[in-house]
Amino acid sequence: MKGIRAAVDSPLKSVKLNTVIMKGVNEDEICDFVSLTKEDPISVRFLEFMPFSGNAWSQRKFIPYQAQIGIIEDQFGKLQRLGDEKTSTSMNYTVEGHAGSIGFISSMSRNFCGGCNRLRLTHDGNLKVCLFGKEEVSLRDILREPSPNRDKELVSVISAAVKRKNFSHGGAEEIQKGMKRPMILIGG
């Protein structure tokens, strides 16, 4: 809590706190997280539990964002929808009278892949155009080779990878089959 307080009191433009919600683990803390937004302009974002290599994903632990909203509205009343940026991965809301906001990153129950513009560079120099995508493109190799056209090569490789990006992922079962990396090695 001291770290969150220090972030709120700092000159940072915004403070976002992400939490993955899992049935039987922390769903009873959802409203505690929402309470953090009462006095402070914090953005608490609830992520649906996603299947990644090594995280023991199970449908039994999954709580869709709609159920999370229900838990919150039972205690705080009807949530007020906020506008989202065009490429936002979060659906944003506020509780009446609260200084902060809450958001739901619903990558499992509400596919937003078609509007997602996120790119990820892994710790070993691979580009991922989709968090759940199997394909990775090595930028490290291009960067390590001396070339007068390196910038053009990078632009070409990145552009081609983005153009191959799928409009949507195949659901939890397909994601589970294809995940080769744990989230900690992908970066978030």
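The preceding data block contains the structure.
J.: How do you make sense of the sheet that holds strand β3 (residues 80–81) when you look at a structure like this?
T.: In spatial order, the strands read β1-β2-β5-β4-β3; together these 5 strands make up an open sheet with mixed pairing. Taken across any chain shown, the strands that pair with only one partner, and hence form the sheet edges, are β1 (15–21) and β3. In this sheet, strand β4 (residues 91–94) lies alongside β3 in antiparallel orientation, the contact comprising 2 bridges. Looking at β4, one finds that Gln80 is bridged to Thr94. Sitting on the sheet, helix α3 (residues 65–76) touches β1, β2 (42–48), β4 and β5 (101–105), and the angle it makes with β5 is about 155 degrees.

J.: Looking at this structure, I do not really get the sheet that holds strand β6 (residues 120–121). What am I missing?
T.: Adjacent strands of a sheet form backbone hydrogen bonds with each other and so pair up, either parallel or antiparallel. Spatial strand order, β6-β7-β8: 3 strands in an open sheet with antiparallel pairing. Each having just a single partner strand, β6 and β8 (137–138) make up the two edges of the open sheet. Relative to strand β7 (residues 126–128), β6 runs antiparallel, the two being bridged by 2 bridges. Its bridge partner lying in β7, Arg120 is registered against Lys128.

J.: Help me understand the pattern of salt bridges, please; the structure alone is not making it clear to me.
T.: For the coordinates displayed, the defined rule picks out 6 salt bridges. Residue Asp84 is joined to Arg81 by a salt bridge in which the shortest nitrogen-to-oxygen separation is 2.7 Å. Overall, the relative accessible area of 31% leaves Asp84 in the partly exposed class. Take Arg81: its relative accessible area is 44%, and that puts it in the partly exposed class. When salt bridges with common partners are traced through the structure, they connect Arg5, Asp9 and Asp40 into a single cluster.

J.: Would you mind showing me how to read the pairing of β5 here?
T.: Remember that side chains alternate between the two faces of the sheet whenever the strand is regular. Among the 5 residues that make up β5, 5 are buried, leaving the element largely enclosed by the rest of the structure. Here β5 shows a buried face lined by Ser101, Gly103 and Ile105 and a second buried face lined by Ile102 and Phe104. Note: β2 against β5, 5 bridges, orientation parallel. Each bridged residue has a counterpart across the sheet, and for Phe46 the counterpart in β5 is Phe104. Across 3 bridges, β4 lies against β5 in antiparallel orientation.

J.: What is the right way to read the environment of Asp141 from this model?
T.: Position of Asp141 relative to the elements: it lies in helix α4 (residues 140–144). With relative accessibility at 41%, the residue Asp141 sits in the partly exposed group. Measuring from C-alpha to C-alpha, the distance between Asp141 and Gly125 comes to 8.0 Å, with 16 residues separating the pair along the chain.

J.: Looking at this structure, how should I read the side chain of Ser58?
T.: One can find Ser58 in the loop between β2 and α3. Ser58 sits in the buried class, given a relative accessible area of 12%. Within polar-contact distance, the side chain of Ser58 engages the backbone nitrogen of Arg60 at 3.1 Å.

What counts and how
- Residue numbers here run from 1 along each chain, matching the order of that chain's written sequence.
- Only residues with pLDDT of 70 or above have their local features reported here, since the model is predicted, and side-chain atom pairs are shown and tallied only from 80 upward, although totals for entire chains, interfaces and linings are computed over all residues.
- In computing side-chain properties, one takes all heavy atoms of the structure into account and sets aside hydrogens as well as water.
- When DSSP finds at least two bridges between two strands, those strands are taken to pair.
- Helix numbers and strand numbers start at the N terminus; a helix is a DSSP run of H or I with at least 4 residues, a strand a run of E with at least 2.
- Contact between two residues is taken to exist if any of their heavy atoms lie within 4.5 Å; hydrogens are not considered.
- For helices, the fitted line uses only the C-alpha atoms of the stretch in contact; every axis is such a line through C-alpha atoms, and the angle between N-to-C directions lies from 0 to 180 degrees.
- Take a side-chain nitrogen of Lys or Arg and a carboxyl oxygen of Asp or Glu: if they are within 4 Å of each other, that pair is a salt bridge.
- With a 1.4 Å probe rolled over the protein chains alone, any residue whose accessible area is under 20% of its type maximum counts as buried; one over 50% counts as exposed, and the rest are partly exposed.
- Whenever a nitrogen or oxygen atom comes within 3.5 Å of another N or O atom, the pair is scored as a polar contact, on the condition that within protein one atom can donate a hydrogen and the other can accept it, and that pairs from neighbouring residues in sequence are kept only if both atoms are in side chains.

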